[in-house]
Amino acid sequence: REYGKGGKPKSKYDFMTIDEKQVEVDKIRTGIKQRCLFNDSACKEIEAKIEEVVRKAANGEYKKNTVDTAPLRNKYFFGEGYTYGSHMEARGPGMERLYPKEGEESVDPIPEWIHEMVVQPLLRAQLIPPDFINSAVINDYQPGGCIVSHIDPYHIFDRPIVTVSFFSSSALSFGCKFEFRPIRVSNPVLSVKLPRGGVTLISGFAADEITHCIRPQDTPHRRAVVILRR
Ligand code: OGA
Ligand code: MN
């Protein structure tokens, strides 16, 4: 293995020339759209609703598969739930599957407040077509929480993938290589800021051809994201 400054792992991008890397960065950028749609008061209202979800989950008011808790990151699935391996014998890319829409394994429907307070502003801004969104996931990260490099499975999710950030700002990094125990992350090819109240849409090359992640150092404070997909 090769390591760079500060013991960071090296990724294939560390072996590219500046020009080769720039070509990659340009391709990623074509697939990213960002808008600031939610002001401080809108954020505060939505953040209060996220707190309510957290409380309901802690009270056992949701179906089993709606809630997925982990030490530094809890997830809440609405509309459509999916499993990506941790509860299955088979895990890894391509093995993710949707839960059935009815019965034991199904998740709770998308809460009305998500439609009204988060999806409606996106529709008004013409960022997504009407009735496109049928899945809403809330990731709630504690300080130092992260999500390792991945591609949102194409056999499950259409593009674009829409995210809206709350509580604090973070950054979305592309093309990072992760190593574990101790956790170490290579330099990203590109890192884009995710401001509180900011909407980020990813599609094309940015969604399909390169991995994205949230590095632990980019979540210094609690942050939640509402991920809206079809
Ligand atoms: C995801 C993801 C990014 C974020 O959950 O698939 O990429 O902004 N989340 O937290
Ligand atoms: Mn993702």
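Just above, that's the structure.
So, how was this worked out
Residues numbered from 1 in each chain as written. Chains lettered and ligands numbered in written order. Predicted model: local features only at pLDDT ≥ 70, side-chain atom pairs only at ≥ 80, totals over all residues. Heavy atoms only, no water. Helix = DSSP H or I, 4+ residues; strand = E, 2+ residues; numbered from the N terminus. Rg over C-alpha atoms; globule rule 2.2 N^0.38 Å. Buried < 20%, exposed > 50% of the residue type's maximum accessible area, 1.4 Å probe, protein only. Contact = heavy atoms within 4.5 Å. Areas by Shrake-Rupley, 256 points an atom, 1.4 Å probe, with all protein chains shown as cover. Expected span 1.5 Å × (residues − 1). Arc of directions from axis to C-beta. Donors = N, O, S within 2.8 Å, 3.2 Å for Na, K, Ca; no water. Pairing = 2+ DSSP bridges. Axes fitted to C-alpha atoms, helices over the stretch in contact; angles between N-to-C directions.

A. Focus on the overall build of the chain. When helices and strands are counted, the chain shows four helices and 15 strands. For 230 residues, the compact-globule estimate of 2.2 N^0.38 gives 17 Å, and the chain sits close to it at 18 Å. The dimensions of the chain, computed from C-alpha atoms along their principal axes, are 50 × 40 × 30 Å. With 230 residues in all, the chain has 48% of them scored as buried. Taking the contacts inside the chain whose residues are at least 6 apart along the sequence as the reference set, 77% of them involve residues at least 24 apart. For the chain, the computed accessible surface area is about 11800 Å², with 51% contributed by carbon and sulfur atoms.

B. Structural context of helix α1 (residues 18–30). Between its first and last C-alpha atoms α1 spans 19 Å; for 13 residues at 1.5 Å apiece the expected length is 18 Å, and the two agree. When we look at burial in α1, the residues that qualify are E24, V25 and I28. Considered in projection along α1, the buried side chains sweep an arc of 100° and stay on one side of the axis. Away from the buried face of α1 by more than 90 degrees, exposed residues D19 and T30 are located. Along its buried surface, α1 packs onto β1 (32–36), β9 (170–174), β12 (190–194) and α4 (204–208).

C. Structural view of the coordination of the manganese ion (ligand 2). For the manganese ion (ligand 2), the full set of protein donor atoms is H150 (NE2), D152 (OD) and H212 (NE2), and the range of their distances to it is 2.1 Å. Look at where the donors of the manganese ion (ligand 2) fall in the sequence and you get H-x1-D-x59-H. With a gap of 60 residues between them, D152 in the loop between β7 (147–150) and β8 (161–166) and H212 in strand β14 (residues 212–214) connect regions that are remote in the sequence. Comparing D152 with H212 shows no difference in burial state: the two are buried.

D. Representation of the sheet that holds β9 in the model. If you trace the four strands from one edge of the open sheet to the other, you get β7-β14-β9-β12, paired in antiparallel fashion. With partners counted over all chains shown, the strands left at the sheet margins are β7 and β12, one partner each. Within the sheet, the average angular offset between the axes of one strand and its neighbour, ignoring direction, is 20°. Bridge count between β9 and β14: two bridges; the pairing is antiparallel. Residue pairing in the sheet places S173 in a bridge with C213 of β14.

E. A look at the sheet that holds strand β3 (residues 73–78). With antiparallel pairing, the seven strands of this open sheet are ordered in space as β1-β13-β8-β15-β6-β3-β2. Edge positions in the sheet fall to β1 and β2 (67–68), since each has one partner strand and no second. Here β1 pairs with strand β13 (residues 198–202) via five bridges, running antiparallel. Each bridged residue has a counterpart across the sheet, and for K33 the counterpart in β13 is L201.

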